[in-house]
Amino acid sequence: MASVQDFIPQPYTETTDKGSFTWSAPSNIALVKYWGKKANQIPANPSISFTLSDCKTITTLSFEKKKSTGGFSFDLLFEGQPKESFRPKIEKFFERVVQYLPFLEEYHFIIDTQNTFPHSSGIASSASGMAALAINLMSLERLLKPDMTDDYFYQKASFLARLGSGSACRSVKGSVVIWGNHETTDNSTDLYGIPYAEVHDVFKTYQDTILLVDKGEKQVSSTVGHDLMHGHPFAQQRFAQAHENLTAIKRALATGDVDTFIKITESEALTLHAMMMTSLPYFILMKPNTLEIINKIWQYRAETGVPVCFTLDAGANVHVLYPENVASKVLAFIKAELLGYCQNNQYICDKIGTGVVFVG
Ligand code: PMV
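Residues numbered from 1 in each chain as written. Predicted model: local features only at pLDDT ≥ 70, side-chain atom pairs only at ≥ 80, totals over all residues. Heavy atoms only, no water.

Undergrad: Account for the nonpolar core, with residues named and values stated.
TA: What tends to happen in soluble globular proteins is that the nonpolar side chains get buried as a cluster. Ranked by internal contacts, the top residues of the largest apolar core, which has 76 residues, are Ile 48, Phe 50, Phe 94, Phe 109, Leu 137 and Phe 261. Looking at this core, the element that brings in the most residues is helix 2 (residues 126–144), giving 11 residues. No fewer than three residues from each of domain 1 (10–198) and domain 2 (206–351) sit in this core. Among all residues touching Phe 50, those that are not within four sequence positions of it are Asn 28, Ile 29, Leu 31, Ser 175, Val 176, Phe 203, Tyr 206, Leu 253, Phe 261 and Ile 352. Listed in part, the 25 residues of the second largest apolar core include Tyr 300, Ala 316, Val 330 and Leu 339. (Core = buried A, V, L, I, M, F, W, Y, C linked by side-chain atoms within 4.5 Å. Buried < 20%, exposed > 50% of the residue type's maximum accessible area, 1.4 Å probe, protein only. Helix = DSSP H or I, 4+ residues; strand = E, 2+ residues; numbered from the N terminus. Domains from an automatic or database assignment. Contact = heavy atoms within 4.5 Å.)

Undergrad: Tell me about the pattern of salt bridges, and name the residues and values.
TA: Tallied over the full model, the rule gives 11 salt bridges. In this structure, Glu 141 engages Lys 156 in a salt bridge whose closest nitrogen and oxygen atoms are separated by 2.8 Å. Separated by 15 residues along the polypeptide, Glu 141 in helix 2 and Lys 156 in helix 3 (residues 150–164) bring together distant segments of the chain. For the pair formed by Glu 141 and Lys 156, the shared burial category is buried. Here Asp 147 makes a salt bridge to Lys 145, at a shortest N to O gap of 3.6 Å. (Salt bridge = Lys/Arg side-chain N within 4 Å of Asp/Glu carboxyl O.)

Take a look at the structure:
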């Protein structure tokens, strides 16, 4: 398992003046949630997620050697237009990772980004965005150090993405990724995400239909949210529970135990929101329509036996999760019964995916 020291590079053996790369990176949806962190983006508990397939960020990184080194120099484009509001986040990211990527001060960069999901859909783009940027930076580092192994390349991309946005480290690889030290998971680490390979066929093609209940800006930023776990009266029990749930959901994923998967996934989503409701200050991030949808899903599952369930991010949107072999039934149910609770009837059909893709 790699340590922080392993990501501080040896002197580079090659040079390059200019060039560009394009990579796509997907979003991911946590099943056991990461909520609460320590210094340097170290998670308070381990988490596990499905990497998504169609909700992704596509980023082109162009680089050209500067005349004089020192300081960071970059331009930001979002969907073809200059996007100055991203600057502080990228500046902070560069400051955090420059010790691992010393070439950052030597180039001028153009970071040109677009998302496949609609702008202001309430879907966070920080995971896919940071993963896409991190993997592009690794492509540049590999030009400077061509003997790098593939394992190092992807692990360091995940390590860097984590320093941009914690959950982004789970977006580099697919299809199921574990991040955070966990006693019964070999090679698990707080530093980067690792793929979990023991996945039964039923989960390999799992579907995620995202119901856009509230497309507004996040009411609570991740930073504020994670901070709420400091001094939270239930924090220690919650962190212990995440370890247990991870053990149990790994077993369910390996054996194809959909019922246990549903219990843990839904309980984790509600626990995440319960933590926010019981912190100081307290927040309710669900909307009335979030609850309407949850109740409809429970009613439909009880009446039909179709194994459909939900999870939530730190917001009001609902991720509806189900096996591919019931997709037509569930989509008919969603269209008939759930879309009325979405803003402008909007939803996104996604599914489990494989991680970053080199575009060119
Ligand atoms: O990666 P961050 O700092 O934006 O935190 C994400 C936290 C949740 O999405 C609520 C849970 C998770 O594990 O992805």
